Amino acid sequence: KTYEDLYKFSVNNSDDFWGELAKTRLDWYKPFSQVSDCDMNSGNIKWFDGGKLNVSVNCVDRHAAKHPDKVALIWEKDEPGNTEKVTYSQLLAMVCKISNCLKDSGVKRGDRVAIYMPVSPIAVAAMLACTRIGAVHSVVFAGFSADALAQRIQDAGVETILTTDQGVRGGKVIELKKTVDAAVQKCPSVKRVFVSKRTGENAPKTNLDIDLDAAMKTASENFTPEVMDSEDLLFMLYTSGSTGKPKGIVHTQAGYLLYASMTQKYVFDYHDGDIFGCVADIGWITGHSYVVYGPLSNGATTVLFESIPTYPDPGRYWEMVERLKINQFYGAPTAIRLLLRYGDSFVKKYDRSSLKVLGSVGEPINHEAWEWYHNVVGDGKCDVVDTWWQTETGGIAVTPRPSGPNDKIIPAAPMRAFFGIQPAILGSEQEDLQGVNEGALCIKNPWPGMARTIYGDHERFMDTYYRPFPGHYFSGDGAKRDEEGFIHITGRMDDVLNISGHRLGTAEVEDVLDEHPDVAEAAVVGVPHAVKGEEAFAFVTVKENFSRDHETLVKELQGLVRERIASFAVPSQMLVTEGLPKTRSGKIMRRILRKVAAGQVDDLGDISTLADPTVVSILIRDSNFVF
Ligand code: PRX
């Protein structure tokens, strides 16, 4: 009856709540026999077991049958004002054509397919085509390097890649096909590379290539969907953890889809006819859940934003909001922080009266950015929802809305649990901290969107998420509960950085730096940055016979990180020094490095446990020579 009643029902009668929603909101070939069968101690998680469905049917066919001419996708290309609209019936035809192309070339149910494409209708159709034939997609953000792509291809045993000749972002060309070809050199498993045209410039060709556009021209517009089990793999998406190797987070069919669908509708108060504008890239979970699966499962019109917030000028988002009449806008704090520096005029010259809800995701939003988003962008009239979640949660888990119509929203906190989510804050003794308190953010109960495993490494899955606080899902984030019971996020508790909303393990960067023949040891820490949130700062020690100048080495190391991972991972500052602060057992004391990196050398805290305290004075001396 009230929001509180419904929330209580959702957690106390979880199976009734989710069971009823699954029945009414998804289309099934065969009903499920059990709502949930989850053991958070063993990590065996099943939702809607026995049910059979197809995700592409739920995202496309059923809407195309009801309103074939409704716009499903609005592609806002890099050049402003250059949009393409795709209706539900057109999307269905595209999905079926790609499904036929994939099947004809030998792609089967259960195969892993890599998608390395810009945000575009063809990329969305490719994802949906995988779901239609029962293949598992692994979308790799088209800003990752050839090596990073190769690593993801190898880990998943990918045989099929879909890409485009090039990409364009902010007026700059990105050589996607060249990068794919370089990755494929290291991946003997790859049997075929489908290439679609984005720019039509001469991209390199190899004998594995299949011209996707040409193949689609002659392919049939019909494709009988594969009948999938609820718990068959839907997709995997790599994300960073505290070791050097990214984790292929696995989501399955029905639970993920229902959770994406419910959160898209209720967090953003989405109604039929709204234009939903999530500006995330499809290479991240936000793009999966709130550009593709959430909105399309609800039959919405979803915007695909190919560009960047400052192209051609910092008014781009708001000009687009006016032109496309966007009702819900969902973006990252890093972009808001960047745009607010350009002042209010870029916002105010556009009509934003269509906006109802403004969402924030991916990293903490600071008060200044929140206030600007609320007061300037939203003219004080829109709800601002700071949504906390992760690749692993599948969808939004802590969020100010939904809540009662008169329930307040406080700035810069995700505040309330979504339906069916019971957050807990745990202490160092694994105790469930009540009242005003701070600790590890966990979730006590299973929910349909939760990740099922790490591809090929269930032990790592258990070690990372379920063993630290037995019986609970551990998020890796810290949180505190305030006097009113609202949740605030305090940041990662592990060595994972968040650079402009991109998640990056310090160990990933360290592994790359260690590869350089002159490097003896490397340690990477995060330093606060006004726009990016955080930046990587690297400390390296060199081998004994090293005599070249430090600046050249730093350039080489930066190049190496760009080549092995991506540009966003390149440490913005580096210090070549003679020793790293370690405990007597040899553990690097990152706490000290963080202080040095932040320039707080007068406030290093307790250094009595250092194996060699002289390292500190060397570090302080060398900190004057940061590159
Ligand atoms: O540290 C949290 C931060 O982003 C991490 C998840 O990153 P990823 O899996 O890439 O997913 C990003 C998009 C959901 C979290 O562990 N994070 C995400 N949202 C917030 C946040 N930190 C603070 N406030 C948020 N609203």
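The residue count restarts for each chain, going from 1 along the sequence in the order it is written. Thresholds applied to this predicted model are a pLDDT of at least 70 for local features of residues and 80 or more for the giving and counting of side-chain atom pairs; totals over whole chains, interfaces and linings are not thresholded and use all residues. Hydrogens and water are ignored here; the side-chain numbers use all heavy atoms of the structure.

Side note on the overall build of the chain
Part 1 of the argument: Numbering of helices and strands starts at the N terminus; helices are DSSP runs of H or I of at least 4 residues and strands are runs of E of at least 2. Across its full length, the chain carries 19 helices and 30 strands.
Part 2 of the argument: Throughout, the radius of gyration refers to the C-alpha atoms, and the reference size of a globule is 2.2 Å times the residue count to the power 0.38. On C-alpha atoms alone, the chain measures out to a radius of gyration of 24 Å, which is about the 25 Å that the 2.2 N^0.38 rule sets for 627 residues.
Part 3 of the argument: Counting only C-alpha atoms and orienting by the principal axes, one finds that the chain spans roughly 75 × 60 × 55 Å.
Part 4 of the argument: In the chain, which comprises 627 residues, the proportion classed as buried is 61%.
Part 5 of the argument: Working rule for contacts: check all heavy atoms of both residues, and any pair within 4.5 Å makes them a contact. In the chain, the share of contacts with a sequence separation of at least 24, taken over all contacts with a separation of at least 6, comes to 70%.
Part 6 of the argument: Under this rule, positive means Lys or Arg and negative means Asp or Glu; His and the chain ends count for nothing. Lys charges are placed at NZ, Arg charges at CZ, Asp charges at CG and Glu charges at CD. Here the chain holds 68 positive side-chain charges and 83 negative ones, and the gap between their average locations is 3 Å. Here the term buried applies to any residue with accessible area under 20% of the maximum for its type, exposed to any over 50%, and partly exposed to those in between, with areas from a 1.4 Å probe on protein chains only.

Some thoughts on unusual backbone geometry
Part 1 of the argument: With an omega of 0°, the peptide bond between Tyr311 and Pro312 qualifies as cis.
Part 2 of the argument: Topologically, Pro312 is positioned in the loop between strand 17 (301-305) and helix 11 (316-324).
Part 3 of the argument: For the bond from Arg401 to Pro402, the omega torsion is 10°, close enough to zero to count as cis.
Part 4 of the argument: Even without a glycine there, the phi angle at Phe48 is positive, about 60°.
Part 5 of the argument: Mapped onto the fold, Phe48 is located in strand 2 (residues 44-49).
Part 6 of the argument: Phe48 gets classed as buried once you look at its relative accessible area, which sits at 0%.
Part 7 of the argument: Positioned with a positive phi, Lys325 is a non-glycine residue whose angle comes to about 55°.

Side note on the packing of aromatic side chains
Part 1 of the argument: The rule is short: rings of Phe, Tyr and Trp, with Trp giving its six-membered ring, pair when the centres are within 6.5 Å, and they are stacked under 30 degrees, edge-to-face over 60, tilted in between. This model, assessed by the stated rule, comprises 37 aromatic pairs.
Part 2 of the argument: Each ring, one from Phe17 and one from Phe419, has its centre 5.7 Å from the other, and the planes form 55°; the classification is tilted. Here Phe17 is found in helix 2 (residues 14-25), whereas its partner Phe419 is found in the loop between strand 20 (383-387) and strand 21 (423-426), with 402 residues between them in sequence.
Part 3 of the argument: Look at Phe144 and Phe568: their rings are 5.8 Å apart centre to centre, the planes differ by 65°, and that puts the pair in the edge-to-face class. Separated by 424 residues along the polypeptide, Phe144 in the loop between strand 7 (136-139) and helix 6 (146-156) and Phe568 in the loop between helix 17 (550-564) and strand 30 (573-577) bring together distant segments of the chain.
Part 4 of the argument: By relative accessible area, Phe144 is classed as buried at 8%.
Part 5 of the argument: Here Phe568 falls in the buried class, since its relative accessible area comes to 16%.

Notes on the packing of helix 6 against helix 7 (residues 176-184)
Part 1 of the argument: For helices, the axis comes from a line fit to the C-alpha atoms of the stretch in contact; other axes are also lines fit to C-alpha atoms, and the angle between any two N-to-C directions lies between 0 and 180 degrees. Orientation of helix 6 relative to helix 7, taken along the N-to-C sense of each, is 55°, at an axis distance of 8 Å. The angle between helix 6 and helix 7 places the two elements in the oblique class. For the crossing formed where helix 6 meets helix 7, the hand is right-handed. Between helix 6 and helix 7, the residues in contact are Ala146, Leu149, Ala150 and Ile153 and Thr179, Val180, Ala182 and Ala183, respectively.
Part 2 of the argument: Note on residue categories: nonpolar means Ala, Val, Leu, Ile, Met, Phe, Trp, Tyr, Cys or Pro, charged means Asp, Glu, Lys or Arg, and polar means any other residue, Gly included. Among the residues forming the contact of helix 6 with helix 7, the class breakdown is 7 nonpolar, 1 polar and no charged. Any angle that is under 35 degrees is reported as roughly parallel, and any over 145 degrees as roughly antiparallel; angles of 65 to 115 degrees are reported as roughly perpendicular and all others as oblique. Crossings are classed by handedness, with left-handed meaning an anticlockwise turn of the near helix from the far one by less than a right angle and right-handed meaning a clockwise turn.

Observations concerning the side chain of Ser230
Part 1 of the argument: Looking at where Ser230 falls in the secondary structure, it is placed in the loop between strand 13 (228-229) and strand 14 (233-239).
Part 2 of the argument: Every residue in contact with Ser230, bar those within four places of it in the chain, is listed here: Trp28, Trp47, Phe48, Gly51, Leu53, Thr252, Gln253 and Ala254.

Looking at the pairing of strand 28 (residues 519-529)
Part 1 of the argument: In this description, strands pair whenever DSSP reports at least two bridges between them. Taken together, the 10 bridges between strand 28 and strand 29 (residues 533-542) define a ladder with antiparallel strand orientation. The residue of strand 29 that forms the bridge with Ala523 is Phe539.
Part 2 of the argument: Count of turn residues in the strand 28/strand 29 antiparallel hairpin: 3 residues.

As for the sheet that holds strand 29
Part 1 of the argument: Strand order across the open sheet formed by 3 strands is 28-29-30, with mixed pairing between neighbours. Each of the sheet's edge strands pairs with one partner strand only, and the pair in question is strand 28 and strand 30. Between one strand and the next, the sheet's axes are offset by a mean angle of 20°, whatever the strand orientation.
Part 2 of the argument: Sheet contacts for helix 18 (residues 590-597): strand 28 and strand 29; angle to strand 28, the most-contacted strand, approximately 60°.

What to know about the site of the ligand
Part 1 of the argument: Here a residue is near a molecule or strand as soon as one of its heavy atoms is found within 4 Å of it. Around the ligand sit 17 residues in total, of which Asp386, Thr387, Thr391, Arg492 and Arg503 are the nearest.
Part 2 of the argument: Polar contact is the term for a pair of N or O atoms within 3.5 Å; when the atoms are in protein, one must be able to donate a hydrogen and the other to accept it, and sequence-neighboring residues count only if both atoms are side-chain atoms. In the model, an oxygen atom of the ligand is placed 2.6 Å from a nitrogen or oxygen of the Thr391 side chain.
Part 3 of the argument: Residue exposure ignores everything except the shown protein chains as possible cover, and the areas themselves are Shrake-Rupley values with a 1.4 Å probe. About the coverage of the ligand: the protein hides 95% of its 540 Å² of free accessible area.
Part 4 of the argument: Those elements giving two or more residues to the shell around the ligand turn out to be helix 10 (285-297), strand 20 and strand 25 (487-492).
Part 5 of the argument: Of the residues belonging to the shell around the ligand, the class tally is 6 nonpolar, 6 polar and 5 charged.

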